[in-house]
Amino acid sequence: MRDTMVKINDRYEFPLQLDLDRDDGKYLSPDADRNVRNLYTLHSVLVHSGGVHGGHYYAFIRPTLSDQWFKFDDERVTKEDAKRALEEQYGGEEELPQTNPGLNNTPFKFTKYSNAYMLVYIRESDKDKIICNVDEKDIAEHLRIRLEKDREEKERRKKEKAEAHLYTIIKVARDDDLTAQIGKDIYFDLVDHDKVPSFRIQKQMPFTQFKEEVAKELGIPTQFQRFWLWAKRQNHTYRPNRPLTPQEEALTVGQLKEAANKAHNAELKLFLEVELGLDLKPLTLPDKTREDILLFFKLYDPEKEQLRYVGRLFVKASGRPQDILPKLRKMAGFLQDDDVELYEEIKFEPNVMCEYIDNRIIFRSCQLEDGDIVCFQKSPKPDTADQFRYPDVPSFLVYIRNRQVVHFRSLEKPKEDDFCLEMSKIFTYDEVVEKVAQQLGVDDPSKIRLTSHNCYSQQPKPQPIKYRGVERLLDMLIHYNQTSDILYYEVLDIPLPELQALKTLKVTYHHATKDEVSVHSIRLPKNSTVGDVLSDIKSKVDLSHPDAELRLLEVFYHKIYKIFAPSEKIENINDQYWTLRAEEVPEEEKNLGPFDRLIHVYHFTKDTQNQTQVQNFGEPFFMVIREDETLSSIKERLQKKLKVSDEDFSKWKFAYISLGRPDYFEDSDTVATRFQRNMYGAWEQYLGLEHPDTAPRKAHSANQNRHSFERPVKIYN
């Protein structure tokens, strides 16, 4: 009827025993073995609960064919009786028990949407062969190995969980981790602790013993290890704060974690300081006094746009940055007469803060402390400043903090990425459209129009971004509290500022005599009227006669909701959700008699799942009916208008429909008596034509009504 998938919930009974030998075996295939007794017993019932677009499966099984049934519903297995497994899965309708049995209430029936979907029967003669014990030898070897591994893993996890309170995780970061991560995985702070070596250690273990574990694992003797605690600062950065004291190293791992971990994190994070000689063997660590500050150094290369970790140094609080420049030049591989600029990386949330360090001011006055990060580079020469995109450390860090790869899609193909561009979230509107124009080879960036992405519907937003309507790229990407990385683009034929002074409407024109629909993009100044739109359409379409009068309708889900007055301004007309339809006004509607009625006529079919619901389809239209006209007279005119064959038309039914409820007409009924005059919401009372929807099904979309036409469609832009 509807050329669509439907789930049938009708009652269908099935037996506990199925005799396929009955009626001389007419249900068996011709080559079936007739020497075997074909008596089958029900083993399991697969149940589907829900509708055609979604639902849930579960099964009733009796593994040994005993009277005891089991329900398998995902991970839950329960005992059930035979009635639940059989009768309650037949489908059909079910009556709700009456709330007041004394009253003569009509029982309320409802369709059961849970019912049997597939049945498994076992032939009695093969029962022993199928329902038998499974030995280990019956399981394939690769499965046995897999199952054993799964069992061992499950036991290990169970044991780990049971003993979790006895252990703590210690994460140990070293210079090697900083070198490996900075400039690749991370740029800000020093390390991602999820990617450093971790140790699962019993809380009762003395910390000195843990140091021996580290010596075994990392090859660094205990006397060359110095551990630092990390601290989260008020500006949300995470830095090494201070070395462990001898008293702290005398504690157990559990005691140290409790003493050092004010945030009550599950893990203890440490930085392992090791000094290596030229032969890369560990050296004895220098004593750390209160005057010593541990600084970490990152090197920036503006030519390669590269930031990397180059090491750490102890500096004296009373010393000056210029004192350590020779060491920094050596760490960076610079010449000793190269000028060097230093910057302190302070924070990156919510914005980057990176300040220039004056070489001549003592470290204490620069407010540098243990764990601080100094970024340095060669001083840019005046004539090279324009050569690099990011000539200094602050500009590079701002770029890194805000860089965003944006996936651009053509608005006409909103599911496919067309190209990607790396941009900065703080790019201005003009910078963004300029980059897109360059990519597309468009000379005038103002001809680029962008549309944001709706993160929830995964569709373009209905309204495009206005010319300079947002300040930054970030504003284009944010949708409520989510940030997208998708933008849609269009290349316009006129600059966007000019287009915004105009109103563009998509109007479908239904030809009065030809069997075709054309779609037109009408572009007019915003203060134009509907009459101006109709005049524009007149100049673009074939009319049935030169003096034909046009009208504009608002159509939504196969109903006509409005006839626009010619004087109505077009600025507030919305063609995003409704279809705007232009058509000629038929001559019969121009000369209505005092008792004639202009009624809405819609096609409809009954919902296959719920027969009380009406579903409209096809093209709605108006029709003039006379005061005393019967249905049989109207049917003749309808058949002629819609060009339906006698055979098909004989199957159609006709109903007066108000608020979705059909009341069917007989041929002799006078139709006009049912239609009230001047009823509010005239689209909710109409003459309904009930017949199957034979139009080809279209892919489901958010708005099926838009641009869904049954006649040939021509599109003019």
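Residues numbered from 1 in each chain as written. Predicted model: local features only at pLDDT ≥ 70, side-chain atom pairs only at ≥ 80, totals over all residues. Heavy atoms only, no water.

Caption draft 1: A look at the sheet that holds strand β16 (residues 292–301). Ordered by their spatial adjacency, 5 strands build an open sheet running β17-β16-β20-β18-β19, and the pairing between neighbours is mixed. Edge positions in the open sheet fall to β17 (306–316) and β19 (353–357), since each of these has one partner strand only. Adjacent strand axes in the sheet meet at a mean angle of 30° when their direction is disregarded. Across 6 bridges, the pairing between strand β18 (residues 340–347) and strand β20 (residues 372–378) is antiparallel. Note that in β20 the partner of Val 340 across the bridge is Lys 378. Contacting β16, β17, β18, β19 and β20, helix α9 (residues 321–332) crosses the sheet at an angle of about 140° to β17. (Pairing = 2+ DSSP bridges. Helix = DSSP H or I, 4+ residues; strand = E, 2+ residues; numbered from the N terminus. Axes fitted to C-alpha atoms, helices over the stretch in contact; angles between N-to-C directions. Contact = heavy atoms within 4.5 Å.)

Caption draft 2: How the structure looks around the pattern of salt bridges. This structure, assessed with the given rule, holds 56 salt bridges. A salt bridge links Arg 37 to Asp 21; the shortest N-O distance between them is 2.9 Å. Of this pair, Arg 37 sits in the loop between α1 (22–25) and β2 (39–51) while Asp 21 sits in the loop between β1 (17–19) and α1, and the two are 16 residues apart along the sequence. A residue is classified by how much of its surface remains accessible, and Arg 37, at 42% relative accessible area, is partly exposed. Linking Lys 298 and Glu 345 is a salt bridge whose minimum nitrogen-to-oxygen distance equals 2.7 Å. Taken together, the residues Lys 298 in strand β16 and Glu 345 in strand β18 connect sequence positions 47 residues apart. A relative accessible area of 0% means that Lys 298 is categorised as buried. The exposure class of Glu 345 is buried, given its relative accessible area of 1%. (Salt bridge = Lys/Arg side-chain N within 4 Å of Asp/Glu carboxyl O. Buried < 20%, exposed > 50% of the residue type's maximum accessible area, 1.4 Å probe, protein only.)

Caption draft 3: A look at the state of the cysteines. This model, assessed by the stated rule, comprises 0 disulfides. Unpaired in this structure, Cys 366 has its nearest cysteine sulfur neighbour in Cys 354, at a distance of 13 Å. Overall, the relative accessible area of 18% leaves Cys 366 in the buried class. (Disulfide = S-S within 2.5 Å.)

Caption draft 4: Looking closely at the UniProt feature "coiled-coil region" (unreviewed entry) in the chain. The positions UniProt marks with the feature "coiled-coil region" (unreviewed entry) are residues 137–164. The span residues 137–164 is 79% helical and 0% strand by assignment, and the distance between its end C-alpha atoms comes to 37 Å. (UniProt positions renumbered as here; feature names shortened; annotations may be inferred.)

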